[in-house]
Protein chains: 2
Amino acid sequence: MSRRSSAVHVPDLVERARAGEVRAVARLVSLVEDESPLLREVMAALAPYAGRAQVVGVTGSPGVGKSTTTSALVRELRGAGHRVGVLAVDPSSPFSGGALLGDRVRMSDHASDDGVYIRSMAARGHLGGLAWSTPQAIRVLDAAGYDVVLVETVGVGQSEVDIAAQADTTLVLLAPGMGDGIQAAKAGILEIGDVYVVNKADRDGADEVRRHLRSMLALAERTEDAWRPPIVKTVARAGTGLDEVAAAIADHHAWLESTGELARRRTRRVRREIETIAVTALRSRWADLGGRSELDALAERVVAGECDPYAAADELLADS
Amino acid sequence: MSRRSSAVHVPDLVERARAGEVRAVARLVSLVEDESPLLREVMAALAPYAGRAQVVGVTGSPGVGKSTTTSALVRELRGAGHRVGVLAVDPSSPFSGGALLGDRVRMSDHASDDGVYIRSMAARGHLGGLAWSTPQAIRVLDAAGYDVVLVETVGVGQSEVDIAAQADTTLVLLAPGMGDGIQAAKAGILEIGDVYVVNKADRDGADEVRRHLRSMLALAERTEDAWRPPIVKTVARAGTGLDEVAAAIADHHAWLESTGELARRRTRRVRREIETIAVTALRSRWADLGGRSELDALAERVVAGECDPYAAADELLADS
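As the structure is a computational prediction, the values presented were derived from the model and not from experiment.

Student: Give me the overall build of chain A: which residues, what numbers.
Tutor: For chain A, the count of helices and strands is 15 helices and 7 strands. Going through the 320 residues of chain A one by one, you find that 52% of them count as buried. Here the analysis covers contacts within chain A between residues at least 6 apart in sequence; of these, 72% occur between residues at least 24 apart. A total accessible area of about 14100 Å² is found for chain A, and carbon and sulfur atoms account for 50% of it.

Student: Break down the packing of helix H5 (residues 66–79) of chain A against helix H12 (residues 242–259) of chain A for me, with residues and values.
Tutor: Residues and elements named next belong to chain A. Interaxial distance between H5 and H12 falls to 9 Å at its minimum, and their mutual angle equals 75°. Considering the angle they form, H5 stands roughly perpendicular to H12. Contacts between H5 and H12 involve Thr69, Ala72, Leu73, Glu76 and Leu77 on the former and, on the latter, Leu242, Asp243, Val245, Ala246 and Ile249. Taken together, the residues that form the contact of H5 with H12 break down as 7 nonpolar, 1 polar and 2 charged.

Student: Give me the lowdown on the interface of chain A and chain B, citing residues and values where you can.
Tutor: Taken together, the 55 residues of chain A in the interface contact 55 residues of chain B. Summed over the shared surface of chain A and chain B, the number is 4 salt bridges. One salt bridge connects Asp296 of chain B with Arg271 of chain A, and the closest N-O pair in it is separated by 2.5 Å. Linking chain A with chain B are 6 residue pairs in polar contact (both at pLDDT 80 or more), by the criterion used here. Elements represented by at least two residues in the side of chain A that touches chain B include exactly helix H4 (39–46), helix H7 (134–143), helix H10 (187–192), helix H13 (261–287), helix H14 (294–303) and helix H15 (309–319) of chain A. No other element matches H13 of chain A, which puts 16 residues into the side of chain A that touches chain B.

Student: Before we move on, could you go through helix H11 (residues 206–219) of chain B and cite the residues and values that matter?
Tutor: Residues and elements named next belong to chain B. The first and last C-alpha atoms of H11 sit 20 Å apart over 14 residues, in line with the 20 Å expected at 1.5 Å per residue. Among the residues making up H11, those that are buried are Ala206, Val209, Leu213 and Leu217. Each buried residue of H11 lies within a common arc of 65° when the element is viewed along its axis, so the set occupies one face. Along H11, the residues that are exposed and aim more than 90 degrees away from the buried face are Arg211, Ala218 and Leu219.

Student: How would you summarise the relation of the copies chain A and chain B if you had to cite specific residues and measurements?
Tutor: Rotating chain A by 180° and moving it 0.0 Å along the rotation axis overlays it on chain B with an RMSD of 0.1 Å. Interpreted geometrically, this transformation is the action of a two-fold axis. By C-alpha distance to the rotation axis, the residue of chain A lying nearest is Val279 of chain A, at 3.4 Å. Counting the interface residues of chain A, we find that 98% of their copies in chain B are interface residues as well, pointing to one common contact surface.

Student: An account of the pairing of strand S5 (residues 169–174) of chain A is needed here, citing residue identities and associated values.
Tutor: Residues and elements named next belong to chain A. The element S5 is extensively covered by neighbouring structure, given that 6 of its 6 residues are classed as buried. Side chains of S5 alternate between two faces, with Thr169, Leu171 and Leu173 and Thr170, Val172 and Leu174 buried alike. Relative to S5, strand S1 (residues 54–60) runs parallel, the two sharing 5 bridges. Across the sheet, residue Val58 finds its bridge partner in S5, namely Leu171. The pairing of S5 with strand S6 (residues 195–198) spans 4 bridges and is classified as parallel. Its bridge partner being in S6, Leu171 is matched across the sheet by Val195.

Student: Give me the lowdown on helix H15 (residues 309–319) of chain B, citing residues and values where you can.
Tutor: Residue and element names in this part refer to chain B. Within H15, burial applies to Pro309, Tyr310, Ala312, Ala313, Leu316 and Leu317. Seen from one end, H15 has its buried residues packed into an arc of 155°, which puts them on one side. Across from the buried face of H15, at angles greater than 90 degrees, the exposed residues are Ala318 and Asp319. At the N-terminal boundary of H15, the capping side chain belongs to Asp308, with an oxygen 2.9 Å from the backbone nitrogen of Tyr310.

Student: If you had to explain the pairing of S6 of chain A to someone new, which residues and values would you point to?
Tutor: Residue and element names in this part refer to chain A. Burial of S6 is two-sided: the residues Val195 and Val197 facing one way and the residues Tyr196 and Val198 facing the other way are all buried. Of the strand pairs in this sheet, S6 and strand S7 (residues 231–233) are connected by 3 bridges, and their pairing is parallel. By the bridge assignment, Val198 is partnered in S7 with Lys233. Once the chain exits S6 it traverses helix H11 (residues 206–219) before rejoining the sheet at S7, and the crossover so formed is right-handed.

Student: Break down the environment of Arg210 of chain A for me, with residues and values.
Tutor: Here Arg210 of chain A shows up in helix H11. Remark: the alpha-carbon pair of Arg210 of chain A and Lys233 of chain A, spanning 23 residues in sequence, is separated by 8.2 Å.

Student: Mind laying out the packing of aromatic side chains, listing which residues take part and the relevant values?
Tutor: Residues and elements named next belong to chain A. Throughout the structure, instances matching the rule amount to 4 aromatic pairs over all chains. A centroid spacing of 6.5 Å and a plane angle of 35° characterise the contact between Tyr117 and Tyr146, whose relative ring orientation is tilted. Of the two residues, Tyr117 is situated in strand S3 (residues 116–122) and Tyr146 in the loop between H7 and strand S4 (148–153); the sequence distance between them amounts to 29 residues. By relative accessible area, which is 1% here, Tyr146 ends up buried.

Student: Pulling in residues and values, what's your account of the packing of helix H2 (residues 10–18) of chain B against helix H3 (residues 22–33) of chain B?
Tutor: Residues and elements named next belong to chain B. Direction vectors running N to C along H2 and H3 enclose 130°, while the axes themselves pass 8 Å from each other. As far as their axial angle goes, H3 and H2 are oblique. The way H2 lies across H3 gives a crossing that is left-handed. Contacts between H2 and H3 involve Leu13, Val14, Arg16 and Ala17 on the former and, on the latter, Ala24, Val25, Arg27, Leu28 and Leu31. Residue classes in the contact of H2 with H3 are distributed as 7 nonpolar, no polar and 2 charged.

Student: Break down unusual backbone geometry for me, citing the residues and quoting the values.
Tutor: A positive phi angle, near 55°, is found at Lys200 of chain A, a position not held by glycine. Residue placement: Lys200 of chain A occurs in the loop between S6 and H11. The backbone of Glu35 of chain B sits at a positive phi, close to 50°, despite the residue not being glycine. Among the secondary structure elements, Glu35 of chain B is positioned in the loop between H3 and helix H4 (39–46).

The rules behind each value
Residues numbered from 1 in each chain as written. Chains lettered and ligands numbered in written order. Predicted model: local features only at pLDDT ≥ 70, side-chain atom pairs only at ≥ 80, totals over all residues. Heavy atoms only, no water. Helix = DSSP H or I, 4+ residues; strand = E, 2+ residues; numbered from the N terminus. Buried < 20%, exposed > 50% of the residue type's maximum accessible area, 1.4 Å probe, protein only. Contact = heavy atoms within 4.5 Å. Areas by Shrake-Rupley, 256 points an atom, 1.4 Å probe, with all protein chains shown as cover. Axes fitted to C-alpha atoms, helices over the stretch in contact; angles between N-to-C directions. Parallel < 35°, antiparallel > 145°, perpendicular 65-115°, else oblique. Nonpolar A, V, L, I, M, F, W, Y, C, P; charged D, E, K, R; others polar. Salt bridge = Lys/Arg side-chain N within 4 Å of Asp/Glu carboxyl O. Polar contact = N/O pair within 3.5 Å; in protein donor to acceptor, adjacent residues only side chain to side chain. Expected span 1.5 Å × (residues − 1). Arc of directions from axis to C-beta. Least-squares fit on C-alpha atoms with pLDDT ≥ 70 in both. Pairing = 2+ DSSP bridges. Right-handed = clockwise from strand over helix to strand, strands pointing away. Phe/Tyr/Trp six-rings, centres within 6.5 Å; stacked < 30°, edge-to-face > 60°. Left-handed = near helix turned anticlockwise from the far one by under 90°.

Shown next, in the form of C-alpha cells:
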C-alpha cells in the first residue's frame, strides 16, 4: 500500500482527471473514500476547480426504481451533451461497512461511455445516511469537470434529509403500489423534493399517487416567489418521461440561479462540510489515541461525581 | 414561562427529587428536555449524586412487545424492592418532533406507585435515534435515587447502537413470527445484546427463534472470559419469565462489576456525553447567530475556490 501511495503524484492525477481520464477520477475518489494521508493534498489541488457541477440528489423508497431512473436520466443527460457523474450511496451495516451493490452492475449500461462515471459508495457512519466522504467525492467529480453529479440514495429517513442538504436539486421518486398514502404523507418527502417523479406510471394507481401528492404539496405553506415542485410521470424502464425530468431539473436550476438560492445552498453545503471536518478533527484530537487523554481524565472526574458534564465540556474546549 | 422559570430553585428541586417527590423529578427532566437556561445549574447540582443507578436498555423491532415487557419488568423489579425509572424514547418525525405515545398510557399500570417514574421522550435529532437529552435525563433519574433506569427505544438501526452506548446492560427483544431470520441476522442485534429475550414464547416458533439466535451468537468470536449473553423466554402479557430476565440483568451487572467493565462502560458513556456537549457548544459558537460568522466567511471562500474545506476547518479551529 505504501508503495502505491508513494507513487501517487496528486497534481498529475488531478490534471489527468480533468482531461477526462476515468481511471484518474476513480483513483481520486478512492483516495477520498479511504481517507488517504493524501486527502488534504487532493482537496487543496481540487479547490480552484470546484463549484461548477450541478448536484442532483435522487431518493425514494426501495422498489420505486431509483437505479433504473438514474440510469435512464444519465442517458438523457448524455444525449444533451453533458458529462455525468453518479455516486450511488448504498445501505450498509454500521459494522460491516460494505456496499451491497457492485460498481460493475451499475456500470454495465454506460460502460463504453467516457462521459459517464458511476461509483458505489458505502453509507458508513449512520445507517442509511450519506457516507461521510460523499461531499468530498462530489467535490472530486465536480472538479474533474462532470457537468451533472447525480447522488442516488436509498430513501430511509436520515438520508433523505442528508441528500437535500448536499444537492442543488433533489428528485423524490414515488411509484404506485408502494403504500402510496404513507409514501406521500411522510413529512420528510414533502419537505425536501424539488422535483417529484412518479415512476412506473404505466401501472394502475399512478394518477392517484400524483393526485395525492399534489394535494399534499398544496397544503404546504409557500411564499409567493417560492419554487413550486413539479410532478413528472415516468416509465424509466422504457425511457419514457425522462426528457421532462431533465427539463424540470434545468428549470429548477435556472430558478436557483435567478433567485440567488443556488449560492445560498452551496454556501450552506460548504459550511456543513467545513464544520464536519473541524468537528472530526477535534474529536480525534480529544481522543488522543496514544495514552490517556484529557477527555478520559474529565470523564473519570464526572463519573466520580466531582464535576458535571457541562463543566467538563468547558474545560475540554478551553484547552483545545 | 419566565415567571415559572424564575420560581425554580434548583437545589430545592434536587432535594425534593431525591426525597422521592415525583413532581420534582418530572420538573427536572422537563428542564433537561426543554434545554432550559437552568440546565447547567441542574447538572451541576446533580453531579455529586449520579453514578449509582443501573441503566438497562430495552430494544427490539416494533411489535415484539417492548412496552409490555418493560411494564412487566418494572413490576418484577418493584417486587424486589427497587425504585425504577423508565425513559421511553419514541419515534418522531425530524420535523414534528412530537412523541407518539403519551405518558398517561404508559403510566396507567404503575400510576399509584411512588417508586416508579415513567416518562416518554421525543427522539429528536436523528430519526429513530436516541434523543439528545436522553443521557441527561438518565442522569436526573440516577441522581434522584432510582436504582434501575430502563431506557426503552424502538429498535431501528441507529437507536440500537445508541442504546448500547448508553446502557450498562442492553436487553434485545425478539418474538416469533416477526421475520425471525432477518431479526436475528441483523448484525446490530448480535453486537449489542447483553441479554436476549424471546417474548411471546407461548406462540409457535419461539423455540426456533431461540435456536436460530443461539446458533448466530455461537458464531460470534468471544474471548474466554467474555460475557455470554443468555436467552430468556417470556410471555410478558402473562408476566411469565420476568424473574429470569431480572436475574439475567443482575448476573450481567455482577459480571460488569467483577471485570471492571462497568467502570469502563460508564467512563466511555460520559466521554461521549462530554464530547457531544462540547461539539454542540462549538457548533453554536461557530454558527454565531447574530450576523455573518467566521464559518460563513470561510464557506464563501471555499465556494469561490480560494481554499479547500480542510484548510478552512484548520482556520476555524485555530480561531475558536
